[in-house]
Number of protein chains: 2
Amino acid sequence: MRNHQIPKDHPRYLSLTIRESIINGMHNKVVAEAGLIAHGRGEAFDYILGEETPPFALKQERLAVLNLLEAKHPIISVNGNVAALCPNDIVRFSKIVNAPLEINLFYRSKEREDAIKEVLLKAGADHLLGIDPDYQEIIKELSHSRRIVDSRGIASSDCVFVPLEDGDRTLALRKLGKSVITIDLNPLSRTSLAASVTITNNIIRAVPEMIKFVEEYRACSHDSITNQLMKLNNKALLQESLKFMADRLILLSREEKLFNLS
Amino acid sequence: MRNHQIPKDHPRYLSLTIRESIINGMHNKVVAEAGLIAHGRGEAFDYILGEETPPFALKQERLAVLNLLEAKHPIISVNGNVAALCPNDIVRFSKIVNAPLEINLFYRSKEREDAIKEVLLKAGADHLLGIDPDYQEIIKELSHSRRIVDSRGIASSDCVFVPLEDGDRTLALRKLGKSVITIDLNPLSRTSLAASVTITNNIIRAVPEMIKFVEEYRACSHDSITNQLMKLNNKALLQESLKFMADRLILLSREEKLFNLS
């Protein structure tokens, strides 16, 4: 475990701490090298968002939760970055929405699978799909190891929650007729554009918020909310996120104090 | 050397090839782990720019070149990402503007210094500053190994070209009264905001363009251009870059074909 001793009063404390989790994840073989670069892309978009959950993202999260609650066989696909960033939250979310966790990697190796399995078990996961060769099934549309899914998991599910996913895989899952929910800070990524529901937010904030929404919907009748939300469409919400980012950039360009650093 | 065999007709070929250079750079000890995340942040902003040089960046590049040509002791500070991304161009640029190269690292180690030295010598560098302990000088404003500079280089220069630099160091150099020129795709980074001239562009495109500007200015009198350009101010150009990015996001949000992926 590295410890760069980031001072708690550092203006970038949270962002630097999360960055350390990802770098530690690479050291522990949980995160692939390309996962570090992907994390950097996320950092940039999150910075533009203002590093807090914007109003449109709450709508995206509610829509995602309702879709998962209404699915027959929901499944959560976990990769290295998800396991490194929020293992406890993703395990907790999996339990309260009754959606099993499937380890599904872009850069697959036994070593990485084992490392991710260890992280998720430590975070309280009971059972993990995606790692038993007896249940491997193939998505023909994809090449190499990326095509392998679990017959009890992604293969037979109607709704897949795949945070931080690759565009080709998102598209392949959609072509198989599945509902795909993702979290991706880049509203223009192929994943964001291809998903049924895209959450344009930092996964660190999104999953805890989604847990609260599940509890809220479980606690009381939500037919009217459901009807209202189910009308929202992913394209319109993505456009709202782009507009929000554009407005933020303009706002920042007018902040005099920003330009008085030197 | 990894070889993921990125097909040349892949829509993201150039971006993926550059990404491979950075990952190879980490394997060869040239690039620090945090350098991968920083590269990802750059990718995101470059994507927003449209992955081509925008008009305002050409102005920033011209202004940077004029500042370097008019400096008494210009110096170029090179870190791991610069060495991994454009070793040949940075060596060529150093020669035509008569500005020596100084290896100056945020995460300094003998191993990384040697790896970067090797890359730059292979790219044709004759002489490198920043690696001879006999000439180490200290910037008091900075902590740890980040404070070490070369007495023949950064310490005595009036104008430092530091592409892809850290914010604290940029600020420290400015406080020492030096003119600081940087390349940084994030117009809101502390480096961008603190520099005397910020180039909001991908270094891969910026340095070759700057080489052409040097040749142009060397070939003919440029007094009128100089006078005109020297009036440009960094803040206004950064604001122009933010406005450009905001406009691009709005434009993209209206591109129907983008949303017809699935």
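Cut-offs used in this document
- Residues numbered from 1 in each chain as written.
- Chains lettered and ligands numbered in written order.
- Predicted model: local features only at pLDDT ≥ 70, side-chain atom pairs only at ≥ 80, totals over all residues.
- Heavy atoms only, no water.
- Helix = DSSP H or I, 4+ residues; strand = E, 2+ residues; numbered from the N terminus.
- Rg over C-alpha atoms; globule rule 2.2 N^0.38 Å.
- Buried < 20%, exposed > 50% of the residue type's maximum accessible area, 1.4 Å probe, protein only.
- Contact = heavy atoms within 4.5 Å.
- Areas by Shrake-Rupley, 256 points an atom, 1.4 Å probe, with all protein chains shown as cover.
- Lys, Arg positive; Asp, Glu negative; His and termini not counted.
- Charge placed at Lys NZ, Arg CZ, Asp CG, Glu CD.
- Salt bridge = Lys/Arg side-chain N within 4 Å of Asp/Glu carboxyl O.
- Axes fitted to C-alpha atoms, helices over the stretch in contact; angles between N-to-C directions.
- Parallel < 35°, antiparallel > 145°, perpendicular 65-115°, else oblique.
- Left-handed = near helix turned anticlockwise from the far one by under 90°.
- Nonpolar A, V, L, I, M, F, W, Y, C, P; charged D, E, K, R; others polar.
- Pairing = 2+ DSSP bridges.
- Expected span 1.5 Å × (residues − 1).
- Core = buried A, V, L, I, M, F, W, Y, C linked by side-chain atoms within 4.5 Å.
- Phe/Tyr/Trp six-rings, centres within 6.5 Å; stacked < 30°, edge-to-face > 60°.
- Lys NZ or Arg CZ within 6 Å of the ring centre and 35° of its normal.
- Polar contact = N/O pair within 3.5 Å; in protein donor to acceptor, adjacent residues only side chain to side chain.
- Least-squares fit on C-alpha atoms with pLDDT ≥ 70 in both.
- Buried area = accessible area lost by both parts, 1.4 Å probe.

Q: Explain the overall build of chain A residue by residue, including any values.
A: The number of helices and strands found in chain A is eleven helices and eight strands. Over its C-alpha atoms chain A spans a radius of gyration of 18 Å, differing by no more than 12% from the 18 Å that the globule rule assigns to 262 residues. Overall size of chain A, expressed as C-alpha extent along the three principal axes, is 60 × 50 × 35 Å. A burial count over chain A gives 56% of its 262 residues as buried. Long-range contacts, defined here as pairs at least 24 residues apart, represent 65% of the contacts in chain A between residues at least 6 apart. For chain A, the computed accessible surface area is about 11600 Å², with 51% contributed by carbon and sulfur atoms. Taking the average place of the 34 positive charges on the side chains of chain A and the average place of its 34 negative ones, the gap between the two points comes to 2 Å.

Q: Quick rundown of the pattern of salt bridges? Include the residues and the values.
A: By the definition in use, this model includes 30 salt bridges over all chains. In this structure, A:Lys235 engages B:Glu256 in a salt bridge whose closest nitrogen and oxygen atoms are separated by 2.4 Å. Taken together, the residues span two chains, with A:Lys235 in helix H11 (residues 234–253) and B:Glu256 in the segment after helix H11 (234–253). Sharing partners across several salt bridges, the network here consists of A:Arg19, A:Glu43 and B:Arg41.

Q: Describe the packing of helix H1 (residues 13–27) of chain A against helix H2 (residues 33–49) of chain A, listing the residues and the values that go with them.
A: Between two packed helices, what matters for the description is the angle formed by their axes and the separation of those axes. Residue and element names in this part refer to chain A. Direction vectors running N to C along H1 and H2 enclose 165°, while the axes themselves pass 9 Å from each other. On the basis of the axis angle, H1 is roughly antiparallel to H2. The hand of the H1/H2 crossing is right-handed. Of H2, the residues touching H1 (which contributes Ser15, Ile18, Arg19, Ile22, Ile23 and Met26) are Glu33, Leu36, His39 and Glu43. Broken down by class, the residue content of the contact of H1 with H2 amounts to five nonpolar, two polar and three charged.

Q: Hey, could you go over unusual backbone geometry for me, with residue numbers and the actual values?
A: Comment: phi is negative for the bulk of residues other than glycine, and the bulk of peptide bonds are trans. All names here are of chain A. Its identity is not glycine, yet Lys29 carries a phi of approximately 70°, on the positive side. Looking at where Lys29 falls in the secondary structure, it is placed in the loop between H1 and H2. Residue Lys29 is classed as partly exposed on the basis of its relative accessible area of 40%.

Q: Explain the sheet that holds strand S8 (residues 197–199) of chain A residue by residue, including any values.
A: As a general point, the strands of a sheet are linked pairwise by backbone hydrogen bonds and lie either parallel or antiparallel. All names here are of chain A. Strand order across the open sheet formed by six strands is S3-S2-S1-S6-S7-S8, with parallel pairing between neighbours. Where the open sheet ends on each side, the last strands, each with one partner, are strand S3 (128–129) and S8. One ladder, built from three bridges, connects strand S1 (residues 74–78) with strand S6 (residues 159–161); its direction is parallel. In the strand pairing of S6, Ile75 is matched with Val160.

Q: Quick one: what's the story with the sheet that holds strand S8 (residues 197–199) of chain B, residue by residue and with numbers?
A: Residue and element names in this part refer to chain B. Read across the open sheet, the six strands follow the order S3-S2-S1-S6-S7-S8; overall the sheet is parallel. Each edge of the open sheet carries a strand with a single partner, namely strand S3 (128–129) and S8. Relative to S8, strand S7 (residues 179–183) is paired through three bridges, and the arrangement is parallel. By the bridge assignment for S8, Ile181 is matched with Val197.

Q: Tell me what's going on with H11(B), and back it up with residues and numbers.
A: End to end, H11(B) covers 29 Å across 20 residues, agreeing with the expected 28 Å (1.5 Å per residue, within 8%). Among the residues making up H11(B), those that are buried are B:Asn234, B:Leu237, B:Leu238, B:Ser241, B:Leu242, B:Met245, B:Ala246, B:Leu249, B:Ile250, B:Leu252 and B:Ser253. The secondary structure elements touched by the buried residues of H11(B) are H11 of chain A together with helix H2 (33–49), helix H3 (55–70), helix H8 (190–194) and S8 of chain B.

Q: Account for helix H5 (residues 87–96) of chain A, naming residues and giving values.
A: All buried positions along H5(A) are accounted for by A:Pro87, A:Ile90, A:Val91, A:Phe93, A:Ser94 and A:Ile96. Looking one or two residues beyond H5(A), the residue adopting positive phi is A:Asn98, at roughly 55°.

Q: Just give me the short version of the nonpolar core, but keep the residues and values in it.
A: Ranked by size, the top nonpolar core spans 106 residues in total, and within it A:Ile90, A:Phe93, A:Leu120, B:Ile90, B:Phe93 and B:Leu120 carry the most contacts. If sequence neighbours within four positions are ignored, A:Leu120 has contacts with A:Val78, A:Ala83, A:Ile90, A:Val91, A:Ile103, A:Ala125 and A:Leu128.

Q: Residues and numbers for the packing of aromatic side chains, please.
A: All names here are of chain A. This structure, assessed with the given rule, holds four aromatic pairs over all chains. Ring geometry for Phe56 versus Phe244: centroids 5.4 Å apart, planes at 70°, classification edge-to-face. Here Phe56, found in helix H3 (residues 55–70), pairs with Phe244, found in helix H11; they are 188 residues apart in sequence, far enough to count as distant. For Phe56, a relative accessible area of 1% puts it in the buried group. Positioned above the aromatic ring of Tyr135 is the side chain of Arg152, whose terminal nitrogen or guanidinium carbon lies 3.6 Å from the ring centre.

Q: Residues and numbers for the side chain of B:Asn186, please.
A: All names here are of chain B. The topology assignment puts Asn186 in the loop between S7 and H8. A distance of 2.8 Å separates the side chain of Asn186 from the backbone nitrogen of Leu188, its partner in a polar contact. Asn186 has contacts with Phe45 and Ser192, leaving out every residue within four places of it along the chain.

Q: I'd like to hear about the relation of the copies chain A and chain B, residue by residue, with values.
A: Of the two same-sequence chains, chain A is brought onto chain B (RMSD 0.0 Å, axial shift 0.0 Å) by a rotation of 180°. Here the symmetry operator amounts to a two-fold rotation axis. A symmetric contact is evident, with 100% of the interface residues of chain A recurring at the interface of chain B.

Q: Can you explain the interface of chain A and chain B? Please cite residues and give values.
A: Each partner contributes to the interface: chain A provides 42 residues, whereas chain B provides 42 residues. Buried surface at the junction of chain A and chain B, both sides included, amounts to about 3900 Å², of which 74% is carbon and sulfur. Linking chain A with chain B are ten residue pairs in polar contact (both at pLDDT 80 or more), by the criterion used here. Where the side of chain A that touches chain B is concerned, the elements lending two or more residues are H1, H2, helix H7 (167–175), helix H8 (190–194) and H11 of chain A. When residues in the side of chain A that touches chain B are grouped by element, the largest group, twelve residues, is from H2(A).

Q: Please set out the environment of B:Leu105 residue by residue, giving values where relevant.
A: As for its placement among the helices and strands, B:Leu105 is situated in the loop between strand S2 (101–103) and helix H6 (110–122). Separated by 37 residues in sequence, B:Leu105 and B:Leu142 place their C-alpha atoms 13 Å apart.

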